[in-house]
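Here are the chains, one letter per residue:
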Amino acid sequence: MVMGASGSGKSTLLFLMAGIIPDVLPGKIEGKIERRVKSIGAVLQNPRAQMIAPSVEEEIAFGLENRGVNPEEIAERIDSVLKRMKIQELKYRKPSELSGGECQKVSLAAAIALEPEVLFLDEPTSYLDPLATEDFFSLLKEIDTEITIVMVEHKIEYAIPCVERYINLGSEGTITGQGSVSEIHGHTWFPEELRQKLERGSHQKKPEDDKLVLDAVSLSHAYDERVTALDKVSLGLHRGEILSVLGPNGSGKTTLLEKLAGLLQNRKESVFLRSKDNCLKDITELTPYAFYSSLLVLPQNPEHFFMKDTVEEELTVGNRETGRRCHTGVALFGLTRLLKQNPYRLSEGEKRRLTLAIAFQEERQILLLDEPTYGLDSPNLFPLAESLLKLKKRGFSIVIATHSAELAFLVSDTIMIIRKGKIVFRGTGEELSRKDEPFLRAFLPAWDGVNER
Amino acid sequence: MNDKRGSLLETISPVAILAVHFILIIPVFISFDYYTPPVFFGLAVINVFVLGRVKIGAFLKIVLPLATLPVGLFFLNLFFSRTNQEEEIVRFLFAAVSRNSLRRASIIFIRTFTMIIISVSYLLLTEPQKLVNALMQQLNLSPRVGFALYVAWNIIPQFREDLRRIENTHKVRLKARRKKLAEIPATAITLLSGAIRHAERASVSMAARGIETGRSRTYLKECPWRRRDTIYLIMWMIVTAVSFALITHLGLFTFGLS
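Residues numbered from 1 in each chain as written. Chains lettered and ligands numbered in written order. Predicted model: local features only at pLDDT ≥ 70, side-chain atom pairs only at ≥ 80, totals over all residues. Heavy atoms only, no water.

## Concerning helix H13 (residues 348–361) of chain A
Residue and element names in this part refer to chain A.
- Between its terminal C-alpha atoms H13 stretches 20 Å, which fits the 20 Å expected from 14 residues at 1.5 Å a residue.
- Across the 14 residues of H13, 13 count as buried, placing the element largely inside the fold.
- A positive phi of about 55° marks Glu363, the residue just after H13. (Helix = DSSP H or I, 4+ residues; strand = E, 2+ residues; numbered from the N terminus. Expected span 1.5 Å × (residues − 1). Buried < 20%, exposed > 50% of the residue type's maximum accessible area, 1.4 Å probe, protein only.)

Below you can see the structure in the form of structure tokens.
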């Protein structure tokens, strides 16, 4: 396992070992690489971007076809690998119909079908929810022991059962540590000191007038007759409260946010918002301007939020006033030196902080965050958590739909877990830790140790 | 969309079907008379409904919205193509119609409508993935290009979803006000940058699985050019040639590209 912070060169090392650099991606190489293997397989980070062919069957066949394997043998290998990975039912499915977890399983199947001597995995679970991540690693543990696996992974706690040796890369791109996996048992990307500091922050007293600012009653939604995305979900959000919504992919988290934001049609159900005259009003009675003046949606991909060429311009889109509040926001979220930068050129963590700075500057008191850890590695979780706690301290109410149990535990007052559109848990992190059900325990943070789940 | 179970065209190469439609559309494209387009319209209909067993409902579902184009062209030419020298036969408010403008409008309508029919027939007779597969195997289209087309095809649903999310996010951010002109390109830029990144990743994924190894590639779904494809193609070449010769011999054909 290759470990290290973002930008330390983990993927570059993996690509060099796999021959992707310089064969596919250019670069100046010093030193010597000797590859003594005839066959390799690779699974990359983004599950959807790896899907090339029109069906799962052809996706697995792709590498074999490139090697000139005859069609009868390709068909045999496809059936065999699908059976081995227990995903026969996916054989004729289109890639666009698969979940992220299923895509990664298909990518792994495609790599294994090549009968590789070495399998290279570049953060294969970074886009997966905790359940899909566990599933992926248990599958990996079961595959042929003859195959050597080199993997870049941040989710150390999940990966450890599959690992024998590790390499740690420092920020300069040099090896700062390596050895047997026993040496990293108990190691986590979540420094205890920082974690405790943040947890203290999350337990800070809520503002005194902790009135209900958003009240949703019996929200339901179905995209078509067969699939109910949300089933009678009710929730209340108080001033200065952070509510995290956890759940597997496709459980209805994003749908819930879109319902709260009035972006999906409401029928029998209602969403009430505390208006300026301090009364809870049905959002259908408010003008869109009045409603959205109090609420902001921060999307999974922060780039979807941007509209301007510089950070400074982004901060003034909704508000011509560039005075003190803007500067406070910029300083609060550590963006002072980035004002003239193009927002698209910021790092993932900076992009996320910029969206929060905009929310702060525009004083939208209710924030709905969709997967705010998307594209962020674990060390970058802490600056994000700190930023959210700063907003909470200033009375902002936040709903976070996330895969990251770590973020939820660091910042939330309330955690809600939904499954197939229904709430299956609502309570504090502490209450969740006391639950025995395996499904709920999958949403405990990694620092509690995967084996303890 | 089409019920090709047991249809003759199910077993024919998509490249051959493409060639036939190309052959059918050429005479329509170069003609400017009342007779040539209906003849090839009829031939296309035989191909799509008799040989291809396409359901008429599915066919009309695509053709009817597209039919607004020839209808629009008809009225445009009817009311606005008359020259001062041409005699007016009828007037609708401000627009005068001459015998010539009526003829021009009718021919353009028939011709455009026939071209739409032939194009839609092809769309309904071939799945894009099968066409790309056939192009790679029969016309040596580079697999890199072929699979890039598959990637583009796969990305469409994602692209649609991204567009929806961007529009929703901007709507909330702008408090439901209309975008200013200068704010509109942001959507395109975001979509484009996402598409470029997706393409880069797909390219690495393809290369990591050896698309450029240079070894002779095999295909799980083999699609060789067969004798029946040749027969199908030749048959339609003959039918087209005979029909065209007949129309010309009877003096019904008028050349025109306008």
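## Examining the confidence of the model for chain B
- On average, residues of chain B score 90 in pLDDT, and 97% of them are at 70 or above.
- Mean pLDDT values for the elements of chain B range from 79 in strand E1 (residues 88–92) of chain B up to 96 in helix H9 (residues 227–249) of chain B. (pLDDT = per-residue confidence, 0-100.)

## Quick notes on the packing of helix H4 (residues 68–80) of chain B against helix H5 (residues 99–125) of chain B
Residue and element names in this part refer to chain B.
- Interhelical geometry of H4 versus H5 gives an angle of 165° and a closest axis separation of 8 Å. When the interaxial angle is binned, H4 and H5 end up roughly antiparallel. The hand of the H4/H5 crossing is right-handed. Across from Leu69, Pro70, Val71, Leu73, Phe74, Asn77 and Leu78 in H4, the residues of H5 making contact are Ser101, Leu102, Arg104, Ala105, Ser106, Ile108, Phe109, Thr112, Phe113 and Ile116.
- Looking at the contact of H4 with H5, its residues break down into 12 nonpolar, four polar and one charged. (Axes fitted to C-alpha atoms, helices over the stretch in contact; angles between N-to-C directions. Parallel < 35°, antiparallel > 145°, perpendicular 65-115°, else oblique. Left-handed = near helix turned anticlockwise from the far one by under 90°. Contact = heavy atoms within 4.5 Å. Nonpolar A, V, L, I, M, F, W, Y, C, P; charged D, E, K, R; others polar.)

## Focus: the layout of surface pockets
- Of the pockets and cavities examined, the second largest pocket occupies roughly 1,100 Å³.
- Only helix H3 (56–66) of chain A together with helix H1 (14–30), H5, helix H6 (128–138), helix H7 (143–173) and H9 of chain B provide two or more residues apiece to the lining of the second largest pocket. (1 Å grid on protein atoms, 1.4 Å probe; cavity = no way out; pocket = protein on both sides within 12 Å on 5 of 7 lines; lining within 4 Å. Points joined across faces, edges and corners; volume = space filled by probe spheres on them.)

## Concerning the sheet that holds strand E13 (residues 366–370) of chain A
Residues and elements named next belong to chain A.
- The strand order across the open sheet built from six strands is E12-E13-E14-E9-E15-E16, with neighbouring strands paired in mixed fashion. Strand pairing shows two members of the sheet lacking a second neighbour, strand E12 (295–298) and strand E16 (422–427), which therefore form its edges. Each strand axis lies, on average, 15° off the axis of its neighbour in the sheet, ignoring direction.
- As judged from the five bridges shared by strand E15 (residues 414–419) and E16, these two strands associate in the antiparallel manner. The partner of Met416 across the bridge, within E16, is Arg426. (Pairing = 2+ DSSP bridges.)

## Comments concerning unusual backbone geometry
- The residue after A:Ile21, namely A:Pro22, is reached through a cis peptide bond having omega 5°.
- In this model, B:Asn140 sits at a positive phi of 55°, which is unusual for a non-glycine residue.
- By relative accessible area, which is 68% here, B:Asn140 ends up exposed.

## Considerations on the domain arrangement of chain A
Residue and element names in this part refer to chain A.
- Here chain A is described as being made up of domain 1 (2–187) and domain 2 (193–294 + 365–452).
- For domain 1 and domain 2, the distance between their C-alpha centres works out to 33 Å.
- Contacts between domain 1 and domain 2 engage 13 residues on the former and 13 residues on the latter.
- Interface area, domain 1 with domain 2, both sides summed: about 1,200 Å², of which 63% is carbon and sulfur.
- Our count for the domain 1 to domain 2 interface comes out at zero salt bridges.
- Linking domain 1 to domain 2 there are one residue pair in polar contact (both at pLDDT 80 or more).
- Broken down by secondary-structure element, the contributors of at least two residues to the side of domain 1 that touches domain 2 are helix H5 (100–113), helix H6 (130–142) and helix H7 (156–159). (Domains from an automatic or database assignment. Buried area = accessible area lost by both parts, 1.4 Å probe. Salt bridge = Lys/Arg side-chain N within 4 Å of Asp/Glu carboxyl O. Polar contact = N/O pair within 3.5 Å; in protein donor to acceptor, adjacent residues only side chain to side chain.)

## Some remarks on the pairing of E13(A)
Residues and elements named next belong to chain A.
- Within E13, five of the five residues are buried, which leaves the element mostly enclosed by the surrounding structure.
- What you see with E13 is no split at all: Ile366, Leu368 and Asp370 on one side and Leu367 and Leu369 on the other are buried throughout.
- Alignment of E12 against E13, held across four bridges, turns out to be parallel. From the neighbouring strand, Val297 faces E13, where its bridge partner is Leu368.

## Considerations on the packing of H1(B) against helix H2 (residues 36–51) of chain B
Residue and element names in this part refer to chain B.
- Close contact between H1 and H2 brings their axes to 8 Å; oriented N to C, the two are set at 165°. Between H1 and H2, the angle is such that the two are roughly antiparallel. By crossing handedness, the relation of H1 to H2 is classed as left-handed. Judged by residue contacts, Val20, His21, Leu24, Pro27 and Val28 of H1 engage Thr36, Pro37, Phe40, Leu43, Ala44 and Asn47 from H2.
- Here the contact of H1 with H2 is built from residues that sort into eight nonpolar, three polar and no charged.

## A short note on the interface of chain B and chain A
- Counting from both sides, the interface comprises 49 residues of chain B and, opposite them, 60 residues of chain A.
- For the pairing of chain B and chain A, the buried interface totals around 4,800 Å² over both sides, and the portion due to carbon and sulfur atoms is 58%.
- It is B:Arg173, B:Lys175 and B:Arg209 in chain B that bury the most area against chain A; as a group they hold 20% of the surface buried on that side.
- Taken together, the links from chain B to chain A amount to seven salt bridges.
- Put simply, chain B and chain A have 21 residue pairs in polar contact (both at pLDDT 80 or more) between them.
- Listing elements by their share of the side of chain B that touches chain A, those giving two or more residues are H7 and helix H8 (185–208) of chain B.
- Take the side of chain B that touches chain A: its biggest share by element is 16 residues, from H7(B).
- In the side of chain B that touches chain A, the residues fall into 18 nonpolar, 14 polar and 17 charged.

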